[in-house]
Amino acid sequence: MDLGLSGKWALVCGASKGLGLGCAQALASEGVNVVMVARGAETLHAAAEKIRADLLCQSSGEALNGVEQSVLTVAADITTPEGRAAAFAAAGGPGMAFDIVVTNAGGPPPGDFRDWDRDAWLKAIDANMLTPIELIKATVDGMAARGFGRIVNITSSAVKAPIDILGLSNGARSGLTGFVAGVARNPTLAAKGVTLNNLLPGKFDTDRIKTTIAGAAQKTGKTVDEVRAAQIAQIPAKRFGTPQEFGQICAFLCSVQAGYITGQNVLADGGAFPGTF
Ligand code: NAP
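Residues numbered from 1 in each chain as written. Predicted model: local features only at pLDDT ≥ 70, side-chain atom pairs only at ≥ 80, totals over all residues. Heavy atoms only, no water.

Draft legend 1. Expanded view of the nonpolar core. In terms of nonpolar packing, the biggest core is built from 35 residues, with Leu5, Val12, Leu27, Met36, Ile51, Ile100 and Val102 touching the most fellow members. Counting residues per element, the ones that place at least two in this core are β1 (9-13), α1 (18-29), β2 (33-38), α2 (41-58), β4 (100-103), β5 (149-154) and α9 (243-254). The dominant element in this core, judged by the number of residues it contributes, is α1, at 7 residues. Once you skip the residues sitting within four places of it in the chain, valine 12 turns out to touch Gly20, Cys23, Ala24, Leu27, Val35, Met36, Val37 and Val102. The next biggest cluster of nonpolar side chains, apart from the first, holds 29 residues, and it includes Phe98, Leu135, Ala144 and Val194. (Core = buried A, V, L, I, M, F, W, Y, C linked by side-chain atoms within 4.5 Å. Buried < 20%, exposed > 50% of the residue type's maximum accessible area, 1.4 Å probe, protein only. Helix = DSSP H or I, 4+ residues; strand = E, 2+ residues; numbered from the N terminus. Contact = heavy atoms within 4.5 Å.)

Draft legend 2. Representation of the sheet that holds strand β6 (residues 194-201) within the structure. Sheet architecture is open: 7 strands sit in the order β3-β2-β1-β4-β5-β6-β7, paired in parallel fashion. In this open sheet, the two edge strands, each paired with only one partner strand, are β3 (71-75) and β7 (265-268). Across the sheet, the mean angle from the axis of one strand to that of its neighbour is 15°, orientation sign disregarded. This element, α9, spans β4, β5, β6 and β7 of the sheet and lies at about 165° to β6. (Pairing = 2+ DSSP bridges. Axes fitted to C-alpha atoms, helices over the stretch in contact; angles between N-to-C directions.)

Draft legend 3. Representation of the packing of helix α4 (residues 118-146) against helix α5 (residues 167-184). At a minimum axis separation of 9 Å, α4 and α5 run at an interaxial angle of 25°. In this view, α4 runs roughly parallel relative to α5, as classed from their interaxial angle. Of the two elements, α4 crosses α5, and the hand of that crossing is right-handed. Of the residues in α5, those touching α4 at Ala120, Trp121, Ala124, Ile125, Asn128, Met129, Pro132, Ile133 and Ile136 are Gly167, Leu168, Gly171, Ala172, Arg173, Gly175, Leu176, Phe179 and Val180. (Parallel < 35°, antiparallel > 145°, perpendicular 65-115°, else oblique. Left-handed = near helix turned anticlockwise from the far one by under 90°.)

Draft legend 4. Spatial organisation of the site of the ligand. Around the ligand there are 29 residues in total, and Ser16, Arg39, Ala105, Phe204 and Thr206 lie nearest to it. Isoleucine 78 is positioned with one of its backbone polar atoms (N or O) 3.0 Å from a nitrogen atom of the ligand. Considered on its own, the ligand offers 890 Å² of accessible surface; in the complex 89% of this is hidden by protein. Put simply, the parts of the chain that give the shell around the ligand at least two residues each are α1 and α7 (207-220). Here the shell around the ligand takes 3 residues from α7, the largest share from any one element. (Near = heavy atom within 4 Å. Polar contact = N/O pair within 3.5 Å; in protein donor to acceptor, adjacent residues only side chain to side chain. Areas by Shrake-Rupley, 256 points an atom, 1.4 Å probe, with all protein chains shown as cover.)

Draft legend 5. Examining the packing of aromatic side chains more closely. This structure, assessed with the given rule, holds 3 aromatic pairs. Both rings, one in tryptophan 116 and one in tryptophan 121, keep their centres 6.0 Å apart while their planes meet at 90°; by these two values the pair is edge-to-face. The exposure class of tryptophan 116 is buried, given its relative accessible area of 13%. Residue tryptophan 121 is classed as partly exposed on the basis of its relative accessible area of 29%. Ring geometry for phenylalanine 204 and phenylalanine 246: centres 5.2 Å apart, planes at 80°, overall edge-to-face. Here phenylalanine 204 is found in the loop between β6 and α7, whereas its partner phenylalanine 246 is found in helix α9, with 42 residues between them in sequence. Here the two residues phenylalanine 204 and phenylalanine 246 agree in accessibility, since each one is buried. The ring of phenylalanine 148 has lysine 8 sitting right over it, with the charged end atom 4.4 Å from the ring centre. (Phe/Tyr/Trp six-rings, centres within 6.5 Å; stacked < 30°, edge-to-face > 60°. Lys NZ or Arg CZ within 6 Å of the ring centre and 35° of its normal.)

Draft legend 6. View of the environment of alanine 24. Following the sequence through the fold, alanine 24 ends up in helix α1. Taking the relative accessible area as the measure of exposure, alanine 24 reaches 0% and is therefore buried. Considering only alpha carbons, one finds alanine 24 and alanine 48, 24 residues apart in sequence, at a separation of 8.9 Å.

Draft legend 7. Structural context of unusual backbone geometry. Although it is not a glycine, lysine 238 adopts a positive phi angle of roughly 55°. Within the secondary structure, lysine 238 sits in the loop between α8 (224-233) and α9.

Draft legend 8. Quick look at the pairing of β4. On β4, burial covers both faces: Ile100 and Val102 on one face and Val101 and Thr103 on the other are all buried. When β1 meets β4, the two strands line up parallel, connected through 3 bridges. The residue of β4 that forms the bridge with valine 12 is valine 102. Across 4 bridges, β4 lies against β5 in parallel orientation. Looking at β5, one finds that valine 101 is bridged to isoleucine 151. Note on the crossover from β4 through α4 to β5: the handedness is right-handed. (Right-handed = clockwise from strand over helix to strand, strands pointing away.)

Fair warning: the whole summary comes from geometry, so function is off the table for now.
Quick look at the structure:
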């Protein structure tokens, strides 16, 4: 299916690894020009280089429709005003005129709520609530003026089924979810072809999950393989998701065909959430 995205511009945050990279890959393979942001320059540049190489294979060396497709990188911390300014100033990029914005940054650390001080909360809220809100604020009016826009926020299944040790994530992401629910229904955006949705990962095979599994193994005295197997056993699909399939869902939410889906929380968790709705 042609998603109708060829030639559009996407800003993909947290794009050097994991779920953000999956989104950047899926969008690029649909002919979207992408600006990829992450802090670590080396991994980011390698990820972009791999996407460029894949695109060359996909098009057998020919530029798509004779137009060169851009895969740009900005090594910056997206949770800072300077980092966001750098993303909007990417050389060869569209400035602030993105058609698609995928918001994403690392998740807050797990822990006990008794140990979190104001600073820990502000960091979590900055990364997982205020940064997406700033990116939305900077881009949606331009999208509405051009008649097309897609915001996809990578949040977490913890928004639907909170995990006690991830209180910082539960709290910050729920704030973003409430904000998005309201803004998505604003006719100045909804009637102008702009959709805002949240994509909620359950357990996906990325570096982040490897870290949390290693942490759990250390805490419980079990091996990494035992912890992994126990987690997989809880998922009806009996596997973790892949960043590639997460990216494909994101690309669909960005598609022309998904223009009537807005203000939704789309859960991708292999059936782990046990509720009907
Ligand atoms: P990951 O594999 O660790 O990748 C995170 C990506 O974000 C990396 O490219 C990282 O690169 C970048 N990043 C982190 N902080 C950043 C910042 N301040 N500015 C710019 N880039 C930043 O993580 P993931 O598994 O893809 O997770 C992505 C998001 O989904 C996280 O918020 C995570 O909590 C959430 N999530 C994941 C799962 C899962 O199963 N994987 C489940 C639920 C929720 P640099 O470190 O170089 O910046």
